[in-house]
Amino acid sequence: MQLLLIGSGGREHALAWALSRSPQVSALYSLLGNGGIHRIAQPVTVPADDFAAIADWCKAHSIDYVVVGPEAPLVEGIADVLEAAGIKVFGPSKAASQLEGSKHFTKEICFKYGIPTAASGSFTDAKGAKAYIRQQGAPIVVKADGLAAGKGVIMAETEAEALEAVDTIFEGKFGAAGRRVVIEEWLIGEEASFFAVADGEHVVAIGAAQDHKRIGEGDTGPNTGGMGTYSPTPALGDAQVEEVMETIIRPTVEGLKKEGAPYRGILFAGLMMTKDGPKLLEYNIRFGDPEAQVLIPRLETDLVEIITHTCAGTLDRLQVKLHDQSALCVVMASKGYPGDYVKGTVIDNLDAAEALENTLIFHAGTAKEGDTWKATGGRVLGVTGLGVDIQTAQANAYRAVQTINWPEGIYRRDIGWRALEKEKKNQKEAS
Ligand code: AMP
Ligand code: GLY
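Since the structure is predicted, the reported quantities are computational estimates derived from the model, not experimental observations.

Rules and cut-offs
Residues numbered from 1 in each chain as written. Chains lettered and ligands numbered in written order. Predicted model: local features only at pLDDT ≥ 70, side-chain atom pairs only at ≥ 80, totals over all residues. Heavy atoms only, no water. Axes fitted to C-alpha atoms, helices over the stretch in contact; angles between N-to-C directions. Helix = DSSP H or I, 4+ residues; strand = E, 2+ residues; numbered from the N terminus. Parallel < 35°, antiparallel > 145°, perpendicular 65-115°, else oblique. Contact = heavy atoms within 4.5 Å. Nonpolar A, V, L, I, M, F, W, Y, C, P; charged D, E, K, R; others polar. 1 Å grid on protein atoms, 1.4 Å probe; cavity = no way out; pocket = protein on both sides within 12 Å on 5 of 7 lines; lining within 4 Å. Points joined across faces, edges and corners; volume = space filled by probe spheres on them. Buried < 20%, exposed > 50% of the residue type's maximum accessible area, 1.4 Å probe, protein only. Right-handed = clockwise from strand over helix to strand, strands pointing away. Pairing = 2+ DSSP bridges. Near = heavy atom within 4 Å. Polar contact = N/O pair within 3.5 Å; in protein donor to acceptor, adjacent residues only side chain to side chain. Areas by Shrake-Rupley, 256 points an atom, 1.4 Å probe, with all protein chains shown as cover. Patch = residues over 30% accessible without salt bridge, like charges linked within 9 Å, V, L, I, M, F, W, Y side chains within 5 Å. Salt bridge = Lys/Arg side-chain N within 4 Å of Asp/Glu carboxyl O. Lys, Arg positive; Asp, Glu negative; His and termini not counted. Charge placed at Lys NZ, Arg CZ, Asp CG, Glu CD. Phe/Tyr/Trp six-rings, centres within 6.5 Å; stacked < 30°, edge-to-face > 60°. Expected span 1.5 Å × (residues − 1). Core = buried A, V, L, I, M, F, W, Y, C linked by side-chain atoms within 4.5 Å.

Undergrad: So what about the packing of helix α1 (residues 10–21) against helix α11 (residues 303–312)? Which residues, and what values?
TA: Orientation of α1 relative to α11, taken along the N-to-C sense of each, is 95 degrees, at an axis distance of 8 Å. Considered as vectors, α1 and α11 are oriented roughly perpendicular to each other. Contacts between α1 and α11 involve Leu15, Ala18 and Leu19 on the former and, on the latter, Leu303, Val304 and Ile307. Partitioned by chemical class, the residues of the contact of α1 with α11 number six nonpolar, no polar and no charged.

Dropping the structure here:
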């Protein structure tokens, strides 16, 4: 089987790693890619935004499946273009991709199909939005409707901040993503990321992970794409997984089918575990980054089986199994991230870190120049440790992080802290 993988982050390196290990894969190609991916997949040089050219390339190279890592090409309709050309795609259609492409669309699905989520209103004019804010009061959450690279959410502690956020969005700070605003009730609880896979009709749970979005230790400072993850997470145990499937995931997949936009691909639910049960914060139409760097290493089921059953509509015949072991990923970023960061710095001793046991290193922004690894992005490496529990996985991840010699690299030293506090509390209560 011949596959094309699209994307250039740590998530895509994790996908490439799993695909390259599958006995079913005879050739793996990479569009975009990075230094780590290009060691296991052959680079392709078609323009990534020219979907018709990608379709032609796939036909010329007898590609069986295209795996799309990031959301942007899906929201722009890459799956529709490739499928019209007879190429199978792991990733949703443009219509179904609105689950991530429009927060308003997702809220409408939630309200129509009774899916638990924050109370909200959607507005295309500042006047209506402001009236709603004054009526609801603060704290309150103001969101640009469309894709805004994770920056379109303003958590307003005061009414004045919320009103200002509305102006900022309508003044065009987020471009077309801000033609509409969604204003939401501020939910309280612990967040968790939940992953399932759907084939348009059937949907199967994969598992949960926890992300650390803030740059600073103790979950402080500005939001980032994600500074570390772990899986499993005590925030979402087996009983809650069933509740999430029953109240959130299945109604969404059934709802989208009824709406004529059947969902095919990875479905990533950002959840708030509130005192009234799990509520949907947002949907993403892809694996998380860096959630993929902990979930994919835990997959016992061949990723290729997941892809082929999804595209064939036969997920009812597949159970996705995860290994019992825990995984924890520490993201290493260039100094300055998430603001302006240094570029082109040298990373030493990466090969020694990669050789350590119970460790996997996923590249997000690297390039190899001669024998030297260089950092080319904001988030640069995802260092995943594996172990019998979170504590062991954490120790393995940090051992590898400390082996890497990269003076311009930064990382959080507390990835996993919530889970470890709970592990400790449970141990105390048991003794
Ligand atoms: P989103 O892109 O919608 O997931 O929002 C980004 C982050 O903002 C989430 O991961 C939450 O930490 C926070 N957030 C979004 N919506 C809410 C809400 N209604 N209540 C509390 N926190 C929220
Ligand atoms: N780590 C969060 C995301 O991928 O959206």
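Undergrad: Outline empty space enclosed by the protein, supporting the account with residue identities and numerical values.
TA: If a probe the size of a water molecule is rolled over the atoms, the empty space left behind becomes visible. Going through the model one piece at a time under the given rule, you end up with one cavity of 30 Å³ or more. For the largest cavity, the calculated volume is near 80 Å³. Lining the largest cavity are 14 residues, with Val68, Phe90, Ile266, Arg286 and Phe287 positioned closest to its centre. Elements supplying a minimum of two residues to the lining of the largest cavity: α1, β4 (65–68) and β15 (264–274). Taken together, the residues that form the lining of the largest cavity break down as nine nonpolar, three polar and two charged.

Undergrad: Now, about the pairing of strand β1 (residues 2–7): what can you tell me, with residues and values included?
TA: Burial runs high along β1: five of the six residues are buried. In this fold, β1 hands off to α1, which returns the chain to strand β2 (residues 27–32); that crossover is right-handed. Both β1 and β4 contribute to a ladder of four bridges, which runs parallel. Residue pairing across strands places Leu4 opposite Val66, the latter belonging to β4.

Undergrad: Which residues make up the sheet that holds β1, and what values do they have?
TA: If you trace the five strands from one edge of the open sheet to the other, you get β3-β2-β1-β4-β5, paired in parallel fashion. Single-partner strands in this sheet number two, and they are β3 (42–44) and β5 (88–90). Pairwise comparison of adjacent strand axes, ignoring direction, gives a mean angle of 30 degrees for this sheet. In this structure, β2 lies alongside β3, joined through three bridges in parallel fashion. Bridging from a neighbouring strand, Tyr29 pairs with Gln42 of β3. Along the sheet face, α1 touches β1, β2 and β4 and points at about 170 degrees away from the line of β1. In this fold helix α2 (residues 51–60) packs onto β1, β2, β3 and β4, with an angle of close to 155 degrees to the strand it touches most, β1.

Undergrad: If you had to explain the site of ligand 2 to someone new, which residues and values would you point to?
TA: Every residue lining ligand 2 is accounted for by Asp211, Gly225, Phe268, Asn284, Arg286, Gly288, Asp289, Pro290 and Glu291. Glu291 places a polar side-chain atom, nitrogen or oxygen, 2.8 Å from a nitrogen atom of ligand 2. For ligand 2, the protein covers 87% of the area, taking 200 Å² as the surface of the free molecule.

Undergrad: Help me get a handle on a negative patch on the surface, residues and values and all.
TA: Judged by side-chain charge, Asp49, Asp50, Asp56 and Glu76 come together as a negatively charged surface patch. Residue position: Asp50 is located in the loop between β3 and α2. Among the residues examined, Asp50 registers a relative accessible area of 32% and is labelled partly exposed.

Undergrad: I'd like to hear about the site of ligand 1, residue by residue, with values.
TA: Taken together, 15 residues lie near ligand 1, and Glu184, Glu185, Leu187, Glu191 and Glu282 sit nearest. Between ligand 1 and the protein, one listed contact pairs a nitrogen atom with a side-chain N or O atom of Glu184 at 2.7 Å. A distance of 2.8 Å separates an oxygen atom of ligand 1 from a polar atom in the side chain of Glu282. Across the shell around ligand 1, the residue classes break down as eight nonpolar, no polar and seven charged.

Undergrad: Go over the environment of Ser22 with me, naming the residues and quoting the values.
TA: Mapping Ser22 onto the fold places it in the loop between α1 and β2. The exposure class of Ser22 is buried, given its relative accessible area of 6%. When the C-alpha atoms of Ser22 and Lys107 are compared, they prove to be 38 Å apart, with 85 residues separating the residues in sequence. The contact partners of Ser22, leaving out residues within four places of it in the chain, are Asp302 and Val304.

Undergrad: Just give me the short version of the packing of aromatic side chains, but keep the residues and values in it.
TA: The final tally for this structure, using the stated rule, is six aromatic pairs. An angle of 75 degrees between the planes, with centres 6.1 Å apart, marks the rings of Trp17 and Phe362 as edge-to-face. Residue Trp17 is found in helix α1, and its partner Phe362 is found in strand β19 (residues 359–363); the two are separated by 345 residues along the sequence. Judged by its relative accessible area of 1%, Phe362 is buried.

Undergrad: Please provide a residue-by-residue account of α1, values included.
TA: Counted at 1.5 Å a residue, the expected span for α1 with its twelve residues is 16 Å, and the 17 Å between its end C-alpha atoms agrees. With ten of twelve residues buried, α1 is to be regarded as a mostly interior element. Here α1 has its buried residues at Gly10, Arg11, Glu12, His13, Ala14, Leu15, Ala16, Trp17, Ala18 and Leu19.

Undergrad: Outline the nonpolar core, supporting the account with residue identities and numerical values.
TA: Where a protein is soluble and globular, its nonpolar side chains tend to be buried together. Counting residues in hydrophobic clusters, the biggest one holds 50 residues, and the most contacted among them are Leu4, Ile54, Val66, Phe194, Leu236, Ile249 and Leu271. Ranked by the residues each element gives to this core, the list is headed by helix α9 (residues 238–258), at seven residues. Not counting the four nearest positions on each side in its chain, Phe194 is found in contact with Ala205, Gly207, Ala208, Leu236, Val241, Val244, Met245, Ile249, Leu267, Phe268, Ala269 and Leu271. Among the nonpolar cores identified, the runner-up in size contains 46 residues, and Val25, Leu28, Ala41 and Val204 belong to it.

Undergrad: I'd love a proper account of the sheet that holds strand β21 (residues 372–375), names of residues and values included.
TA: The strand order across the open sheet built from three strands is β18-β21-β20, with neighbouring strands paired in antiparallel fashion. With partners counted over all chains shown, the strands left at the sheet margins are β18 (346–347) and β20 (366–369), one partner each. Pairing of β20 with β21 involves four bridges; the strand directions are antiparallel. Residue pairing for β21: Ala367 is matched across the bridge by Lys374.

Keep in mind these values describe shape, not function.
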